[in-house]
Amino acid sequence: MYKNAYISAVAHYVPEKVLTNFDLEKMVDTSGEWIRTRTGIKERRILEDGKATSDMAAEAVKNICKLRGIDPMEIEGIIVATVTPDMFFPSTGNLVQEKSGAKNAWSFDVAAACSGFLYALSIGTQYIKAGTHSKIVVVGADKMSAITNYRDRNTCVLFGDAAGAVLLEPTDDEQIGLIDFMLFSDGSGAEYLKLKAGGSLYPASLETVANDWHFIYQDGKYVFKFAVSKMAEVAVNIIEKHGYSGKDLKLFVPHQANLRIIDATVKRLGIDYDKVMINIEKFGNTTAATIPLALSEAWEQGKLNKNDLVLFATFGGGFTWGSTLLRWAYDK
Ligand code: ACO
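Because the structure is a prediction, the values reported are computed rather than measured.

### Observations regarding the site of the ligand
Residues in close proximity to the ligand total 26 residues, the closest being Thr30, Arg38, Cys114, Lys221 and Asn258. Measuring from a nitrogen atom of the ligand, one finds a side-chain N or O atom of Gln218 at 2.8 Å. Residue Arg260 places a side-chain N or O atom 3.0 Å away from an oxygen atom belonging to the ligand. When the ligand sits alone it has 1000 Å² of accessible area, and the protein chains cover 76% of it. Contributing elements (two or more residues each) for the shell around the ligand: helix H2 (32-39), helix H6 (153-156), helix H8 (220-241) and helix H9 (259-269). Per element, the largest residue contribution to the shell around the ligand is 4 residues, and it comes from H8. Two domains each donate at least three residues to the shell around the ligand, and these are domain 1 (4-174) and domain 2 (178-327).

### Side note on the pairing of strand E5 (residues 106-110)
Across 5 bridges, the pairing between strand E4 (residues 77-81) and E5 is parallel. Among the inter-strand pairings, Ala81 is bridged to a residue of E5, identified as Val110. With respect to chirality, the unit in which E4 leads through helix H4 (residues 92-100) into the neighbouring parallel E5 is right-handed.

### Notes on the nonpolar core
By size, the foremost hydrophobic cluster in this structure holds 41 residues, and its most contacted members are Phe252, Leu269, Leu311 and Phe315. Of all elements in the fold, only H8, H9, strand E12 (309-316) and strand E13 (320-327) reach the threshold of two or more residues within this core. Here this core takes 9 residues from H8, the largest share from any one element. In this structure, this core is formed jointly by two domains, domain 1 (4-174) and domain 2 (178-327), each of which donates at least three residues. Core analysis: the second largest hydrophobic core is formed by 37 residues, Leu121, Leu168, Phe181 and Phe312 among them.

### Topic: the sheet that holds strand E8 (residues 177-185)
Sheet architecture is open: 4 strands sit in the order E8-E13-E12-E11, paired in mixed fashion. Each having just a single partner strand, E8 and strand E11 (251-254) make up the two edges of the open sheet. Here the strands of the sheet are splayed against their neighbours by 10 degrees on average, with no regard to which way each runs. Bridging between E8 and E13 involves 8 bridges; their strand directions are antiparallel. Note that in E13 the partner of Gly177 across the bridge is Arg327. Along the sheet face, helix H11 (residues 290-300) touches E11 and E12 and points at about 145 degrees away from the line of E11.

### Some words on the pattern of salt bridges
Opposite charge on two side chains lets them pair, provided their charged atoms get close. Under the criterion given, the structure shown has 13 salt bridges. The partner of Lys241 in a salt bridge is Asp180, with the nearest N and O atoms 2.6 Å apart. Pair noted here: Lys241 is in helix H8 and Asp180 is in strand E8, with a separation of 61 residues, a long-range link. Sharing partners across several salt bridges, the network here consists of Arg68, Lys135 and Glu169.

### Considerations on the environment of Arg151
Structurally, Arg151 can be placed in the loop between strand E6 (136-143) and H6. Owing to a relative accessible area of 58%, Arg151 belongs among the exposed residues under this scheme. Taking the C-alpha atoms as reference points, Arg151 and Asp55, 96 residues apart in sequence, are found 26 Å from one another. Here the side chain of Arg151 touches Asp212 through a polar contact of 3.4 Å, side chain to side chain.

### Digging into the domain arrangement of the protein
According to the domain assignment, the protein contains domain 1 (4-174) and domain 2 (178-327). With 51 residues of domain 1 at the interface, the matching set in domain 2 holds 47 residues. For the pair domain 1 and domain 2, the two sides together bury roughly 3900 Å², of which 64% comes from carbon and sulfur. Here domain 1 and domain 2 share 1 salt bridge between them. For Asp212, the salt bridge identified is with Arg151, shortest N-O distance 3.4 Å. Between domain 1 and domain 2 we count 20 residue pairs in polar contact (both at pLDDT 80 or more) in total. For the side of domain 1 that touches domain 2, the secondary-structure elements that each account for two or more residues are strand E1 (4-13), H2, strand E3 (43-45), helix H5 (116-129), E6 and strand E7 (161-171). Here the side of domain 1 that touches domain 2 is composed, by residue class, of 27 nonpolar, 15 polar and 9 charged.

How each quantity is defined
- Residues numbered from 1 in each chain as written.
- Predicted model: local features only at pLDDT ≥ 70, side-chain atom pairs only at ≥ 80, totals over all residues.
- Heavy atoms only, no water.
- Near = heavy atom within 4 Å.
- Polar contact = N/O pair within 3.5 Å; in protein donor to acceptor, adjacent residues only side chain to side chain.
- Areas by Shrake-Rupley, 256 points an atom, 1.4 Å probe, with all protein chains shown as cover.
- Helix = DSSP H or I, 4+ residues; strand = E, 2+ residues; numbered from the N terminus.
- Domains from an automatic or database assignment.
- Pairing = 2+ DSSP bridges.
- Right-handed = clockwise from strand over helix to strand, strands pointing away.
- Core = buried A, V, L, I, M, F, W, Y, C linked by side-chain atoms within 4.5 Å.
- Buried < 20%, exposed > 50% of the residue type's maximum accessible area, 1.4 Å probe, protein only.
- Axes fitted to C-alpha atoms, helices over the stretch in contact; angles between N-to-C directions.
- Contact = heavy atoms within 4.5 Å.
- Salt bridge = Lys/Arg side-chain N within 4 Å of Asp/Glu carboxyl O.
- Buried area = accessible area lost by both parts, 1.4 Å probe.
- Nonpolar A, V, L, I, M, F, W, Y, C, P; charged D, E, K, R; others polar.

Now the structure itself:
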């Protein structure tokens, strides 16, 4: 029998501590006005010392279980998208499995920077469609503050910490669920957005630390140009492939890296702004967490109803980019 995957619950976790543009004015040579007008960001959340990505992700998973009314022991698999794992190994997924009490689940990580959540969602969807699994949790979580240089004004204003998660389940209803994924990579973009050291090429050394190679490096201008063109292109391509136009969309949930990148995509799609979920002003760029976090807030705000056509689009380090089209499955 035909089985599709659908999102049966969405939840998130954000740390309590808020870092405002005003706070950053005291740390680097910047202004709240510059940050707001160039990026759309007003504040971001920062996880406390001693806590890691898995702590936020586990909270998001526990919230999912509460919302769906299931025991964590019912979860069969956990896929965590992150570029800020607690450590190289074990995977953050393994740590989330333990901390959330999902003791029956297998678990692993996916690394595709800001596109990680859509890559992980595509993987989770295949397990459901294959008919071998009936409850897969897909998490996007990043503690970006752990790899952000708070002496570098080019990057420190952009990023924040958060986790978001969705539960995937099977359905016989052909009208709802995940419709399609379009995912892309271009490894020639690797040099423009990266964390240079700490891997097998440049293991941690006095030199790598002295050179700040354990922090995010980004050529913002180059990344911006690529992101504007690719995110808009993939968003338009997936809806046209399925015979839709921007007018058919009920909600567009874009990756939240820069409000101007979102603006450009919205213009290309030709959709009204009230159909676009934006929360970058509160959280900044939380990398793999932006889409599930924005989706979760959209759900809480009553912006999602059964049969709504929903579009996700993203762009990130790698370069990686992609889009996902789905029909939302349930009313609030
Ligand atoms: N405050 C004040 N001035 C600043 C700041 C700051 N925080 N940061 C940079 N500037 C200065 C620059 O030094 C530059 O000064 P100069 O002209 O004297 O050299 C000037 O502002 C303009 O800099 P630009 O880089 O041209 O600014 P731009 O408008 O491109 O905005 C930004 C920079 C916000 C980083 C933008 O390029 C951007 O958003 N890039 C894409 C980010 C992104 O999408 N990343 C992908 C996802 S991230 C991931 O996958 C992990």
